[in-house]
Amino acid sequence: MDLNYTPEELAFADEVRQWVRANLPPETRERVLHHKRLGKEEQVEWQRRLHAHGWGAPRWPKEYGGPGWNSVQQHLFDEVLSEEGAPQALPFGLSMIGPVLMAFGSQKQKDYYLPRILRQDDWWCQGFSEPGSGSDLASLRMKAELDGDEWVLNGQKTWTTLGQYANMIFLLARTDPAAKKQQGISMLLADMSTPGITIRPIITIDGEHEVNEVFFDNVRVPKDHIVGAPGMGWSYAKFLLSHERTNIARIGRSKSELTRLKKIATEETVDGVPLIQTPGFREKIAAVEIELMALELTNLRMIAAERAGQAPGAEANMLKIKGSEIQQTLTELMMEAVGPYALPFNPEAREPGWHGEPIGPEYAAPLGPDYFNYRKVTIYGGSNEIQRNILAKAVLGL
Ligand SMILES: Cc1cc2nc3c(=O)[nH]c(=O)nc-3n(C[C@H](O)[C@H](O)[C@H](O)COP(=O)(O)OP(=O)(O)OC[C@H]3O[C@@H](n4cnc5c(N)ncnc54)[C@H](O)[C@@H]3O)c2cc1C
């Protein structure tokens, strides 16, 4: 197994870097690198620039508008974009419903929605979880009943990430209440402006509006808004989640966060000594760096296996567990590094263009909110306990 990059691969990374430096708006870069709030417009604008250059969907096959890159190129692309401060691509269209439509959607759905995902004409959100149906998703209660040429939807979704910006939702609903739990579920698409849909914010512990509740009260959607066959929604959802989990490790992002941690630990001092030079803290940084290197090697191992024609196995679950734990550790160490300056809650400081008096060093304001926000990463995309259950079954045969 060869884990080194070839000269061609390194040249590719360099080409991506040069292009990003020339095309990423400096204000967007500043916001990403300094953890300021990023608006919908900047996210959309960046996706459109990437798409205009042919890089809008790095993981999509050429036939649907992807660049046709292999997994090494995809990995390098992610890494360079993170290093350069580009916004993280939104997963809902590109990594979730897009691949599902490619595999199971009708020709009409593919022709209509896939180009719109590339240009980000639609902002998709994911309507899977319900109150009481998260890990045990198959117990979901949302109903879809066929009435003439329309499905009538009734029920509630929750934790709908960035649903406040979305104009489209893909969701799971029970279309056959008599069938066995998993078999009566279908996947449907709905326009968020359809009468009967109400969205309410959930404010998370960091004070931000990132997730929502979505209510469906006699919502009528056209019959052809079903994906694939009725009753097959569960297997499409499993296909979708396997895509969600591989992208969730965010190795590139953690590498740039590690650099940020080291910068902070260089600025912060204890009795005049930079924190990074104190044995205790140095050891903590080294420990997380080693974990991250190991995770990257696991990822490269997976890529090398893919290159040799083998299908990915339980590695996706491992990447999810380790990737999320590392992301959390990094937020913990940054907060520890600034000590009491992480305590003041100052949401305005995250607004771009805020020129107030910072409490403590300028980099301290987002550290507390980031720490709290990142509690989510071991929960979403299938909680880490559930991932461990899957590994126990698939790898250990328990
Ligand atoms: C910030 C955030 C964003 C999200 N975004 C979306 C979204 O956009 N769309 C969407 O559909 N969903 C979204 N989710 C929902 C997410 O998928 C669920 O929260 C997750 O699947 C866990 O479900 P739950 O919250 O119902 O917790 P529960 O399933 O009630 O779990 C509670 C605890 O029990 C543990 N547990 C449960 N069952 C088992 C078991 N069998 N063995 C061992 N431990 C177990 C869990 O690990 C967890 O620690 C989001 C969640 C968060 C926090």
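Up top you'll find the structure we're talking about.
Given the structure is predicted, the values throughout are model-derived calculations rather than measurements.

### Observations regarding the environment of leucine 153
Okay, so step 1: Along the chain, leucine 153 falls in strand S3 (residues 150-158).
Okay, so step 2: By relative accessible area, which is 0% here, leucine 153 ends up buried.
Okay, so step 3: C-alpha separation for the pair leucine 153 and glutamate 8, spaced 145 residues apart in sequence, amounts to 51 Å.
Okay, so step 4: Ignoring any residue separated from it by four or fewer positions in sequence, one finds leucine 153 in contact with Met142, Lys143, Ala144, Leu171, Leu188, Phe216, Asp217, Asn218, Val219 and Val221.

### Description of the side chain of aspartate 122
Okay, so step 1: Along the polypeptide, aspartate 122 turns up in the loop between helix H6 (107-118) and strand S1 (124-127).
Okay, so step 2: One polar contact links aspartate 122 to asparagine 167, side chain to side chain, over a distance of 2.9 Å.

### Examining the packing of aromatic side chains
Okay, so step 1: This structure, assessed with the given rule, holds 14 aromatic pairs.
Okay, so step 2: Ring centres 5.0 Å apart and planes at 80° place the aromatic pair phenylalanine 12 and tryptophan 69 in the edge-to-face group. Highlighted residues: phenylalanine 12 in helix H1 (residues 7-23) and tryptophan 69 in the loop between helix H3 (40-52) and helix H4 (71-83), separated in sequence by 57 residues.
Okay, so step 3: The exposure class assigned to phenylalanine 12 is buried, which follows from its relative accessible area of 9%.
Okay, so step 4: A residue is classified by how much of its surface remains accessible, and tryptophan 69, at 13% relative accessible area, is buried.
Okay, so step 5: An aromatic cluster is built from Phe12, Trp19, Trp46, Trp55, Trp69 and Phe77, whose rings are joined through pairwise contacts.
Okay, so step 6: Above the ring of tyrosine 371, the side-chain terminus of arginine 375 is found at 4.1 Å from the ring centroid.

### Remarks on the pairing of strand S2 (residues 143-147)
For a regular strand, side-chain orientation follows a simple rule: the groups alternate between the two sheet faces.
Okay, so step 1: Here five bridges tie S2 to S3, and the two strands are oriented antiparallel to one another. Bridged to alanine 144 within S3 is leucine 153.

### Details of unusual backbone geometry
Okay, so step 1: Notably, histidine 35 is not glycine yet its phi reads approximately 55°, a positive angle.
Okay, so step 2: Note that histidine 35 resides in the loop between helix H2 (26-33) and H3.
Okay, so step 3: Look at glutamine 120: it is not a glycine, yet its phi comes out positive at around 50°.
Okay, so step 4: With respect to the element layout, glutamine 120 can be found in the loop between H6 and S1.

Rules of the game
Each chain has its residues counted from 1, following the order in which its sequence is written. In view of the model being predicted, local features appear only for residues whose pLDDT reaches at least 70, and side-chain atom pairs are presented and counted only at 80 or more, with totals across whole chains, interfaces and linings using the full set of residues. Only hydrogens and water are removed before side-chain values are computed, so all heavy atoms of the structure are retained for them. Per the convention used, a helix needs a DSSP run of H or I reaching at least four residues, while a strand needs a run of E reaching at least two, with both numbered from the N terminus. Only protein chains enter the calculation, and the probe is 1.4 Å; a residue is then buried if its accessible area is under 20% of its type maximum, exposed if over 50%, and partly exposed in between. By the convention used here, residues are in contact when the closest approach between their heavy atoms is within 4.5 Å. Polar contacts, as counted here, are pairs of nitrogen or oxygen atoms within 3.5 Å of one another; within protein the pair requires one atom able to donate a hydrogen and one able to accept it, and residues that are adjacent in sequence qualify only if both atoms are side-chain atoms. For Phe, Tyr and Trp, rings pair up if their centres lie within 6.5 Å, where Trp contributes its six-membered ring, and each pair is then called stacked (planes under 30 degrees apart), edge-to-face (over 60) or tilted (otherwise). Placement of a positive charge over a ring is assigned whenever Lys NZ or Arg CZ falls within 6 Å of the ring centre and within 35 degrees of the normal to the ring plane. Only when DSSP finds a minimum of two bridges between them are two strands counted as paired.

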